[in-house]
There are 2 protein chains.
Amino acid sequence: MSNIVFIGSGNVATHLGKAFYNVGNNIVQVYSRNIENAKELSNVVKAIPITSLNEILLDADLYVICVTDDAIINILPYLKNVKGLVVHTSGSVDIEIFNTNIESYGVIYPLQTFSKQSKPVFNNIPFCIEANSDNNLLKIRKIVSSIAENISEINSEQRMYLHLAAVFVNNFTNSIYTLASEMLGNKAISFELLKPLILETAFKVQHINPIDAQTGPAKRNDFKIIEKHLHLLKNNEMYENLYKEFTKLIQIQQNKG
Amino acid sequence: MSNIVFIGSGNVATHLGKAFYNVGNNIVQVYSRNIENAKELSNVVKAIPITSLNEILLDADLYVICVTDDAIINILPYLKNVKGLVVHTSGSVDIEIFNTNIESYGVIYPLQTFSKQSKPVFNNIPFCIEANSDNNLLKIRKIVSSIAENISEINSEQRMYLHLAAVFVNNFTNSIYTLASEMLGNKAISFELLKPLILETAFKVQHINPIDAQTGPAKRNDFKIIEKHLHLLKNNEMYENLYKEFTKLIQIQQNKG
């Protein structure tokens with residue numbers, strides 16, 4: 001059981017806050033510049049909502065910073081004298097941001113896409129952790145293990161690449177779904193038809209290497225179909241370019257593999 | 001119960017053949033140029049393997065052509081005098097390919113990615129059907145409904161766009177998985193870490209519109225992270241270009257939405 005302060009009240013703070021609260025931790029404060037946001041999460045996890053960083057208690061065990069990357073640096077002066085561990089939850093901010101201000105610090109990076117609507121299954125989410133000492137790493141591992149089973153030690157450089165890869169497989173893939181949905185909509189075809197294929201595509205690489213799961217005209221060097229598709233896309237330069245680049249990429253990947 | 005001839009013995013023939021056989025249809029012949037391939041499927045579905053198109057029986061109820069798009073045209077002269085329905089299973093070949101040779105024809109296009117390893121759940125796969133008459137459409141619907149619940153009437157133009165969209169959400173998405181796997185491998189990070197995110201990304205759009213499921217730096221206009229990522233990609237022009245194009249695409253999609 002730890003006393004935890006949350007700095008930030010967005011999606012990550014909300015999901016992490018609830019998870020820590022649900023396993024019996026004491027969420028003592030939730031900070032947000034906006035009192036309504038602070039209250040919304042505070043009410044659920046029975047914490048005190050605060051809107052001034054000066055009000056942050058100094059004797060909590062853990063301070064979880066869940067603000068935008070740029071805002072982290074502005075929080076740190078207010079955490080200079082805290083006794084507990086200070087962590088941020090960002091994929092792309094180096095652990096050394098804490099270097100000059102904080103004594104005990106680390107990172108808790110949950111590798112998942114959080115949104116207000118979705119209820120993540122925490123057991124399944126990989127948590128990437130890092131700390132400025134073995135002792136602090138142990139402490140972080142202990143507290144994270146109360147809400148997650150999948151915990152990996154990942155350094156700042158690795159975390160940055162992991163975040164980049166996550167942008168590809170999550171953000172860019174979702175953007176492909178949007179593109180496909182629009183393409184079908186234009187021809188009065190329901191996006192429903194693609195949903196089983198979308199699922200199967202993600203399922204397949206849970207147990208087969210993606211390089212081996214590849215199918216399609218680019219892999220088969222089926223230039224007739226590729227030409228047909230490019231012809232269908234000729235009024236949308238952006239889609240046409242994407243099609244060409246992926247076709248090239250798949251051919252390179254398959255020749256390497 | 002129908003008598004069915006399969007022309008072709010690849011992944012689609014194998015999965016469809018087994019499915020039709022399992023619900024009690026009579027698979028009378030399996031044609032392949034290669035006798036071993038013809039035998040492999042024939043043995044499972046208790047059919048006669050044949051390697052000459054001249055041997056095709058004329059009195060079956062259904063002829064299912066599962067060969068590559070280019071090869072379909074070469075099959076048709078041998079089916080000129082058949083009594084039953086002739087269908088192909090291709091996403092991108094117009095139904096009118098049958099026009100000059102065949103009397104009763106149509107298309108059965110299962111929208112899924114088939115591979116030897118994977119066992120598709122047929123109930124869940126959308127089957128797109130088309131025929132040259134209402135009567136033939138009814139016949140096709142009836143026989144397909146013995147193996148599938150999700151059946152849609154889709155014309156040839158729609159089917160072509162559906163196939164194109166499938167290439168985006170399946171082939172190109174899988175190529176992103178391969179890219180991510182390679183990116184992580186270069187930094188000694190396990191691809192395992194990305195698997196839950198890949199699944200969640202596909203799950204999300206089963207019940208949320210993809211345009212609303214979008215997250216990430218491109219959506220937030222977080223140019224600092226975008227710059228950071230482009231810097232990480234500066235030694236790989238292809239990845240860098242993809243990153244830039246998707247960032248632009250997401251911004252366009254979000255401004256439309």
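Residues numbered from 1 in each chain as written. Chains lettered and ligands numbered in written order. Predicted model: local features only at pLDDT ≥ 70, side-chain atom pairs only at ≥ 80, totals over all residues. Heavy atoms only, no water.

It is worth spelling out the overall build of chain A at this point. For chain A, the helix and strand inventory stands at 10 helices and eight strands. Taking the principal axes of the C-alpha coordinates as reference, chain A spans close to 70 × 40 × 30 Å. Here chain A holds 257 residues, and the buried ones make up 59% of them. Taken as a whole, chain A presents about 11200 Å² of accessible surface, with 47% of it coming from carbon and sulfur. Each charge class in chain A can be summarised by its mean position, and for the 23 positive and 24 negative side chains these summaries are 7 Å apart. (Helix = DSSP H or I, 4+ residues; strand = E, 2+ residues; numbered from the N terminus. Buried < 20%, exposed > 50% of the residue type's maximum accessible area, 1.4 Å probe, protein only. Areas by Shrake-Rupley, 256 points an atom, 1.4 Å probe, with all protein chains shown as cover. Lys, Arg positive; Asp, Glu negative; His and termini not counted. Charge placed at Lys NZ, Arg CZ, Asp CG, Glu CD.)

Take the interface of chain A and chain B next. Between chain A and chain B, the residue contacts involve 88 residues of the former and 88 residues of the latter. The interface formed by chain A and chain B includes six salt bridges. For Lys224(B), the salt bridge is made with Asp70(A), and the minimal N-O distance between the two is 3.8 Å. Top element by residues in the side of chain A that touches chain B is helix α5 (residues 156-186) of chain A. It accounts for 27 residues. Considered class by class, the residues forming the side of chain A that touches chain B number 48 nonpolar, 27 polar and 13 charged. (Contact = heavy atoms within 4.5 Å. Salt bridge = Lys/Arg side-chain N within 4 Å of Asp/Glu carboxyl O. Nonpolar A, V, L, I, M, F, W, Y, C, P; charged D, E, K, R; others polar.)

Another aspect to go through is the sheet that holds strand β8 (residues 151-153) of chain A. All names here are of chain A. The strand order β3-β2-β1-β4-β5-β6-β7-β8 describes an open sheet built from eight strands, whose pairing is mixed. Edge positions in the open sheet fall to β3 (48-50) and β8, since each of these has one partner strand only. Each strand of the sheet is rotated relative to its neighbour by a mean of 25 degrees, with strand direction disregarded. In terms of strand pairing, strand β6 (residues 105-110) meets strand β7 (residues 127-131) through five bridges, oriented antiparallel. What sits directly across from Pro110, in β7, is Phe127. Helix-sheet contacts for helix α2 (residues 35-45) involve β2 (26-31) and β3, and the interaxial angle to β3 is about 165 degrees. (Pairing = 2+ DSSP bridges. Axes fitted to C-alpha atoms, helices over the stretch in contact; angles between N-to-C directions.)

A few words on the environment of Val82(B). Residue and element names in this part refer to chain B. Mapped onto the fold, Val82 is located in the loop between α3 (69-75) and β5 (85-88). Val82 sits in the buried class, given a relative accessible area of 12%. Excluding its chain neighbours within four sequence positions, the residues that come into contact with Val82 are Leu57, Leu58 and Tyr63.

Once chain A is rotated about the relating axis by 180 degrees and shifted along it by 0.0 Å, it coincides with chain B to within an RMSD of 0.0 Å. Here the symmetry operator amounts to a two-fold rotation axis. It is Thr173(A) whose C-alpha, among those of chain A, lies nearest the rotation axis, at 2.9 Å. Both copies contact each other with a shared surface, as 100% of the interface residues of chain A are interface residues in chain B too. (Least-squares fit on C-alpha atoms with pLDDT ≥ 70 in both.)

Where α5(A) contacts helix α6 (residues 195-207) of chain B, the two axes come as close as 9 Å, and the packing angle between them is 20 degrees. By the criterion of interaxial angle, the relationship of α5(A) to α6(B) is roughly parallel. Crossing hand, α5(A) versus α6(B): right-handed. Listed contacts from α6(B) to Ala166(A), Val169(A), Asn170(A), Thr173(A), Asn174(A) and Tyr177(A) of α5(A) are Leu197(B), Ile198(B), Thr201(B), Ala202(B) and Val205(B). A per-class count over the contact of α5(A) with α6(B) returns seven nonpolar, four polar and no charged. (Parallel < 35°, antiparallel > 145°, perpendicular 65-115°, else oblique. Left-handed = near helix turned anticlockwise from the far one by under 90°.)

Position of Val93(B) among the secondary structure elements: in the loop between β5 and β6 (105-110). Along the chain, Val93(B) and Asn25(B) lie 68 residues apart, while their C-alpha atoms are 26 Å from each other. What Val93(B) contacts, discounting residues up to four positions off in sequence, is Lys228(A), Asp69(B), Ile72(B), His88(B) and Arg159(B).

We now examine the side chain of Ser32(B). All names here are of chain B. Its place among the elements puts Ser32 in the loop between β2 (26-31) and α2 (35-45). Looking at Ser32, the relative accessible area reads 9%, which means it is buried. A distance of 3.5 Å separates the side chain of Ser32 from the side chain of Ser9, its partner in a polar contact. Reaching out from Ser32, the side chain makes a polar contact with the backbone nitrogen of Asn34 at a distance of 3.1 Å. (Polar contact = N/O pair within 3.5 Å; in protein donor to acceptor, adjacent residues only side chain to side chain.)

What follows covers the nonpolar core. The biggest cluster of nonpolar side chains holds 129 residues, and the ones touching the most others in it are Leu194(A) and Leu194(B). Setting aside anything within four residues of it in sequence, one finds Leu194(B) in contact with Leu111(A), Leu162(A), Ala165(A), Ala166(A), Val169(A), Ala180(B) and Leu184(B). Ranked by size, the runner-up nonpolar core spans 29 residues in total, among them Leu62(B), Ile140(B), Ile143(B) and Val144(B). (Core = buried A, V, L, I, M, F, W, Y, C linked by side-chain atoms within 4.5 Å.)

Turning our eyes to something else, we now look at the state of the cysteines. Summed over the entire model, instances satisfying the criterion amount to zero disulfides over all chains. With no disulfide of its own, Cys128(A) lies closest to Cys66(A) among cysteine sulfurs, the gap being 15 Å. (Disulfide = S-S within 2.5 Å.)

Our next topic: the packing of aromatic side chains. The geometry of an aromatic ring pair comes down to the distance between the two centres and the angle between the two planes. Evaluation of the coordinates by the stated rule reveals 12 aromatic pairs over all chains. Aromatic side chains Phe172(A) and Tyr243(B) sit 5.2 Å apart centroid to centroid with 75 degrees between the ring planes, which places their arrangement in the edge-to-face category. Taken together, the residues span two chains, with Phe172(A) in helix α5 and Tyr243(B) in helix α10 (residues 237-256). Grouping residues by exposure puts Phe172(A) and Tyr243(B) together as buried. Through successive ring pairs, a cluster of aromatic residues spans Phe168(A), Phe172(A), Tyr243(A), Phe246(A), Phe168(B), Phe172(B), Tyr243(B) and Phe246(B). (Phe/Tyr/Trp six-rings, centres within 6.5 Å; stacked < 30°, edge-to-face > 60°.)

This next bit is on the confidence of the model for chain A. Considering every residue of chain A, the mean pLDDT works out to 95; 96% of them sit at 70 or more. Note on the complex model: pTM 0.93, ipTM 0.93. (pLDDT = per-residue confidence, 0-100.)

Assignment of secondary structure puts Asn170(B) in helix α5 (residues 156-185). At 2.8 Å, the side chain of Asn170(B) and the side chain of Thr201(A) are in polar contact. In this view, Asn170(B) contacts Leu197(A), Thr201(A), Thr215(A) and Thr113(B); residues no more than four positions away in its chain are not counted.

This part covers α5(B). Residue and element names in this part refer to chain B. Over its 30 residues, α5 runs 42 Å from end to end, which matches the ideal 44 Å to within 8%, given 1.5 Å per residue. In the structure, α5 departs most strongly from a straight axis at Val167, where the bend amounts to approximately 30 degrees. With 25 of 30 residues buried, α5 is to be regarded as a mostly interior element. Near the N-terminus of α5, the side chain that reaches the backbone nitrogen of Glu157, with its oxygen 3.1 Å away, is that of Asn155. (Expected span 1.5 Å × (residues − 1). Bend = angle between axes of the 7 residues up to and from the residue.)

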